[in-house]
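# Observations on chain architecture
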Amino acid sequence: MQSVSKIKEVREIIKDWKSGGFSIGFVATMGYLHNGHKSLIELARQQNDRVVVSVFVNPTQFGPNEDFAKYPRDIEHDWQICQEAGADLLFAPAAAEMYPDNNLAYIDLKELGDNLCGASRPGHFRGVCTVVGKLFNIITPDQAYFGQKDAQQLAIIKKMVKDLNFAVKIIACPIVREPDGLALSSRNAYLSTQQRQAALILSQSLQAAQELLLKGERDAQVIREFISEQIASEPLVKSDYIELVDSLTLKPVKNITAPILVAAAIYVGKTRLIDNFLFEEI
Ligand code: AMP
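Note that the structure is predicted; figures quoted are calculated from it, not measured. (Residues numbered from 1 in each chain as written. Predicted model: local features only at pLDDT ≥ 70, side-chain atom pairs only at ≥ 80, totals over all residues. Heavy atoms only, no water.)

Let us now look at the packing of aromatic side chains. Inspection of every chain in the model, using the stated rule, returns 6 aromatic pairs. Centroid distance Phe 62 to Phe 68: 5.4 Å. Interplanar angle 65°. Geometry classified as edge-to-face. On the basis of relative accessibility, which here comes to 10%, the residue Phe 62 falls in the buried class. The class of Phe 68 is partly exposed, set by a relative accessible area of 30%. For the pair Phe 136 and Phe 166, a centre-to-centre distance of 5.6 Å together with 70° between the ring planes defines the contact as edge-to-face. Taken together, the residues Phe 136 in helix H6 (residues 124–139) and Phe 166 in the loop between helix H7 (151–163) and strand S6 (169–173) connect sequence positions 30 residues apart. The exposure classification of Phe 136 matches that of Phe 166, with both residues buried. An aromatic cluster of three or more residues is present, and its members are Phe 26, Phe 136, Phe 146 and Phe 166. It is Arg 50 that lies over the ring of Phe 22; its NZ or CZ is 3.9 Å from the centre. The ring of Phe 68 carries the charged tip of Arg 73 above its face, separated from the ring centre by 5.1 Å. (Phe/Tyr/Trp six-rings, centres within 6.5 Å; stacked < 30°, edge-to-face > 60°. Buried < 20%, exposed > 50% of the residue type's maximum accessible area, 1.4 Å probe, protein only. Helix = DSSP H or I, 4+ residues; strand = E, 2+ residues; numbered from the N terminus. Lys NZ or Arg CZ within 6 Å of the ring centre and 35° of its normal.)

Right, here's the structure in full:
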């Protein structure tokens, strides 16, 4: 596996691969890789001739009071995971490489980024779309792999690709969980043992809500309140949002008549965790 930090080096390698007729799969990450990221890289490995993984903690998607400075980083471990999962190229640029002095161009999908995670993280999806757009232009992948774990991000990136005619196919990958149900996240590293236990209420309440839906409940407010009560029962946890939205437009639904996304975010101490499920059987 090659590892580079300059855009020019990536472009040279990609040019070489393209002239050989190789298809390119791409996984964008912020590093501190775990088995969730690994599952994306492994799927990309199965479906493409060459696989690129980026590791970049993107400053433009963090708010001023968020955890950019202390976001966990371990590039040697990331290298190891990429190698094990079969990646061909690890691209780990410095911030100045991705955002030279006077970066003025941003990609903003407006209202798609305003609710759910966007409500408590204003500007977050503008930063995400901008960096993913830049990475698509640098790597020019045929297929790019994104986790359903970040459901709003996935929906927004799909729309960005459509609206801006990026020549890449977006592949959605299932959420990878710990055996007890907690969705894998780099931010789980922030949790104490007690907080880790308390955080389970997120996946458990969503799982229970899914069962209510399967039993036939179709009133979004009932489901919302049910999840809210469950989360409120855990004293170490504070709810950020609980939403039932159309899985494409991300607009809130009242009566569940079409496929929806049920998404929630909680704070466990200062750590913000997200989880969701898609309900498609109507
Ligand atoms: P991040 O490093 O958090 O920006 O995540 C990079 C990619 O990995 C995104 O597409 C995430 O949705 C995906 N990802 C993160 N955690 C998981 C998980 N537990 N299961 C599946 N995909 C994940």
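This next bit is on the pairing of strand S9 (residues 271–279). Most of S9 is tucked away, with 8 of its 9 residues classed as buried. One ladder, built from 9 bridges, connects strand S8 (residues 260–268) with S9; its direction is antiparallel. Paired with Ala 265 across the two strands is Ile 274, which belongs to S9. As consecutive antiparallel partners, S8 and S9 are separated by 2 residues, and within that stretch Gly 269 has a phi angle of approximately 60°, a positive value. (Pairing = 2+ DSSP bridges.)

Bringing the site of the ligand into the picture now. Taken together, 16 residues lie around the ligand, and Met 30, Gly 147, Asp 150, Val 176 and Leu 184 are the ones closest in. Met 30 is positioned with one of its backbone polar atoms (N or O) 2.9 Å from an oxygen atom of the ligand. Leu 184 is positioned such that a nitrogen or oxygen atom in its backbone is 2.9 Å from a nitrogen atom of the ligand. At the level of secondary structure, the elements contributing two or more residues to the shell around the ligand comprise strand S2 (24–29), helix H2 (35–47) and strand S5 (143–147). (Near = heavy atom within 4 Å. Polar contact = N/O pair within 3.5 Å; in protein donor to acceptor, adjacent residues only side chain to side chain.)

Pairing is parallel across the open sheet formed by 6 strands, whose spatial order is S1-S4-S3-S2-S5-S6. The open sheet has two edge strands, strand S1 (2–4) and S6, and neither has a second partner. Pairwise comparison of adjacent strand axes, ignoring direction, gives a mean angle of 25° for this sheet. Pairing between S1 and strand S4 (residues 89–91): 3 bridges, direction parallel. Along S4, the bridge assignment pairs Ser 3 with Leu 90. (Axes fitted to C-alpha atoms, helices over the stretch in contact; angles between N-to-C directions.)

Further remarks concern the environment of Thr 193. Take Thr 193: it is sitting in helix H8 (residues 193–198). Owing to a relative accessible area of 72%, Thr 193 belongs among the exposed residues under this scheme. Taking the C-alpha atoms as reference points, Thr 193 and Asn 276, separated by 83 residues in sequence, lie 23 Å from one another.

What follows deals with helix H9 (residues 200–214). Helix length check: H9 (15 residues) gives 21 Å between terminal C-alpha atoms against 21 Å at 1.5 Å per residue, within 8%. Among the residues of H9, those classed as buried are Leu 200, Ile 201, Leu 202, Ser 203, Ser 205, Leu 206, Ala 208, Ala 209 and Leu 213. Looking at the buried side of H9, the elements it contacts are H8, helix H10 (220–232), strand S7 (237–246), S8 and S9. Immediately downstream of H9, the backbone of Gly 216 shows phi near 120°, a positive value. (Expected span 1.5 Å × (residues − 1). Contact = heavy atoms within 4.5 Å.)

Side chains that carry opposite charge are capable of pairing whenever their charged atoms lie near each other. Applying the stated criterion across every chain, the model contains 10 salt bridges. With a closest N to O distance of 3.5 Å, Glu 12 and Lys 8 form a salt bridge. Note that Glu 12 and Lys 8 are positioned in helix H1 (residues 7–19) at a spacing of 4 residues, about one turn of the helix. The class of Glu 12 is partly exposed, set by a relative accessible area of 48%. Residue Lys 8 is classed as exposed on the basis of its relative accessible area of 60%. With its nearest N and O atoms 2.9 Å apart, the salt bridge here joins Arg 272 to Asp 240. Here Arg 272, found in strand S9, pairs with Asp 240, found in strand S7; they are 32 residues apart in sequence, far enough to count as distant. (Salt bridge = Lys/Arg side-chain N within 4 Å of Asp/Glu carboxyl O.)

Don't take any of this as a statement about function, it's just geometry.
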